[in-house]
Amino acid sequence: MLPTHSNRIALISVHGDPAVETGREEAGGQNVYVRQVGEALAQRGWQVDMFTRRSSVQQPKIVEHCDGCRTIRLTAGPEDFIGRDHLFDYLPEFVNQFLLFQKQEGIQYPLIHTNYWLSSWVGMQLKKHQPLIQVHTYHSLGAIKYRAISDTPAIASKRLGIEKQCLETVDRVVATSPQEEEHMRQFVSTNGRIDMIPCGTDIKRFGSVLRAEARQQLGLDPDDKVVLYVGRFDKRKGIETLVRAVGQSSLRGQANLKLMIAGGYTPGQSDGIERDRIVGIVNELGLTDITHYPGRLDVELPIYYAAADVVVVPSHYEPFGLVPIEAMACRTPVVASNVGGLQFTIVNEVTGLLVPPKDEAAFAQAIDRILSDPAWRDQLGQTARHRVEIGFSWDSVAGGLGYLYNKLLAQPVSVEPTPVKTVAEVAA
Ligand code: UDP
């Protein structure tokens, strides 16, 4: 559906650059979401500018992705990688740079869609300067994250306060799963307006190769039993549970059992450290010979998903989780933790299996059930494909978001009357 109002919108993702490679530290689902949503909206006639923070002097300031969709990198703080827990102090500069960009380009965005709590703050500040509709997607909720960890960062209380203020005041919050919506109500606030629009995946790219051909391309045998993990190396992703589950598998000892752990990392950074820890556990359990680390996957990702018998998502928590729907689009069933958005995308016993998080024995049993029954594996995989086709294409996501934007743009917009700095002051 074509927009009926001003069709120029801004997606703001301060720390999740939509133009960078994903699959390594701090670049995952949010980056993919913003990029894919931006491109899919552009295909529906929207003019989409995606704003992020420039995190290296080598990065171009503007990247054109397709007609009507570009990434704009603003300078806010050092042009270097800064972890998301240390970005807050640079946000006022981001706000000023955004206002300056608008002034220089002679643009005023009527609607912004912010991503993650840092960007929600930026959006709420921008609303003080101009009539503006703000839509927000959290991607992760501090209230959930901090329940699960003991070493909460210094920024935690600020984040919780801003997440609450955001839910209670922005024009619309987009939950990506019914579970995320429920958690917002339970742990953030009972006030505020929420719409549920899921994340999506590229159903042409994922699903283009069938298992036999994929295995040939990867040099795998038709009777190999392939268990695959795809994602960042982060403790909360629960890779340790998967490794220990494979260690307990009843197929252990069979030469054709293979564990693949895919994802990028930087030595010495937090993902490199987690990878070293995982490799240590693999070695300690005597799984070295059957475990492969193909690194960060890009164009070959659909081939790996298709080649696998089962994709395992052992996360401690996921608000949505793109990896499962990518695997499902490739007709590969998923064994996942029974948490958050995974309870929405995966239908237990129909498109995969859900088991309690961190429960190695339950994961082992679920993986074994699928590995030992190829006909059932195929049946689960086929139903999984249908589920993604029906509910999780980027095009249908962009359709849902476009409808929401149009609805909000049709309403009168109020301006908050307390500007922090005028545009003239910003430009001075
Ligand atoms: N990813 C990738 N290459 C890799 C590992 C991951 O492109 O080697 C992508 C993956 O396909 C998915 C995203 O990174 O689109 C991870 O998103 P998800 O929501 O599953 O997890 P997050 O990283 O946001 O926690």
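In what follows, the structure referred to is the one given above.
Source: prediction; values computed, not measured.

### Side note on the environment of Lys158
Of note, Lys158 is situated in helix α5 (residues 156–169). With a relative accessible area of 40%, Lys158 lands in the partly exposed category. Along the chain, Lys158 and Glu349 lie 191 residues apart, while their C-alpha atoms are 41 Å from each other.

### Quick notes on the sheet that holds strand β2 (residues 47–53)
Judged by pairing direction, the sheet is mixed, and its eight strands sit side by side in the order β3-β4-β2-β1-β5-β6-β7-β8 without closing on themselves. Looking at which strands have only one partner, the edges of the open sheet turn out to be β3 (62–66) and β8 (194–196). Taking the axes of each pair of neighbouring strands and ignoring which way they run, one obtains an average angle of 25° across the sheet. Summarising the sheet, strand β7 (residues 172–175) and β8 pair through three bridges and their orientation is parallel. Bridging across to β8, Val174 finds its partner in Asp195. Across the sheet, helix α3 (residues 116–126) touches β1 (8–12), β5 (111–115) and β6 (133–137), and the angle it forms with β5 is around 150°. The sheet contacts of helix α6 (residues 178–188) involve β7 and β8, and relative to β7 the element is tilted by about 130°.

### A look at the pairing of strand β9 (residues 225–230)
With six of its six residues buried, β9 lies for the most part within the structure. Of the two faces of β9, the one lined by Lys225, Val227 and Tyr229 and the one lined by Val226, Leu228 and Val230 are each fully buried. One ladder, built from six bridges, connects β9 with strand β10 (residues 257–262); its direction is parallel. When the bridges of β10 are listed, Lys225 appears paired with Leu257. Tracing the backbone out of β9, into helix α8 (residues 239–248) and back to the parallel element β10 gives a crossover that is right-handed. When β9 meets strand β12 (residues 310–313), the two strands line up parallel, connected through two bridges. Residue pairing across strands places Leu228 opposite Val311, the latter belonging to β12.

Quick notes on the rules
Residues numbered from 1 in each chain as written. Predicted model: local features only at pLDDT ≥ 70, side-chain atom pairs only at ≥ 80, totals over all residues. Heavy atoms only, no water. Helix = DSSP H or I, 4+ residues; strand = E, 2+ residues; numbered from the N terminus. Buried < 20%, exposed > 50% of the residue type's maximum accessible area, 1.4 Å probe, protein only. Pairing = 2+ DSSP bridges. Axes fitted to C-alpha atoms, helices over the stretch in contact; angles between N-to-C directions. Contact = heavy atoms within 4.5 Å. Right-handed = clockwise from strand over helix to strand, strands pointing away.

Take it as geometry only, folks, not as evidence of what the structure does.
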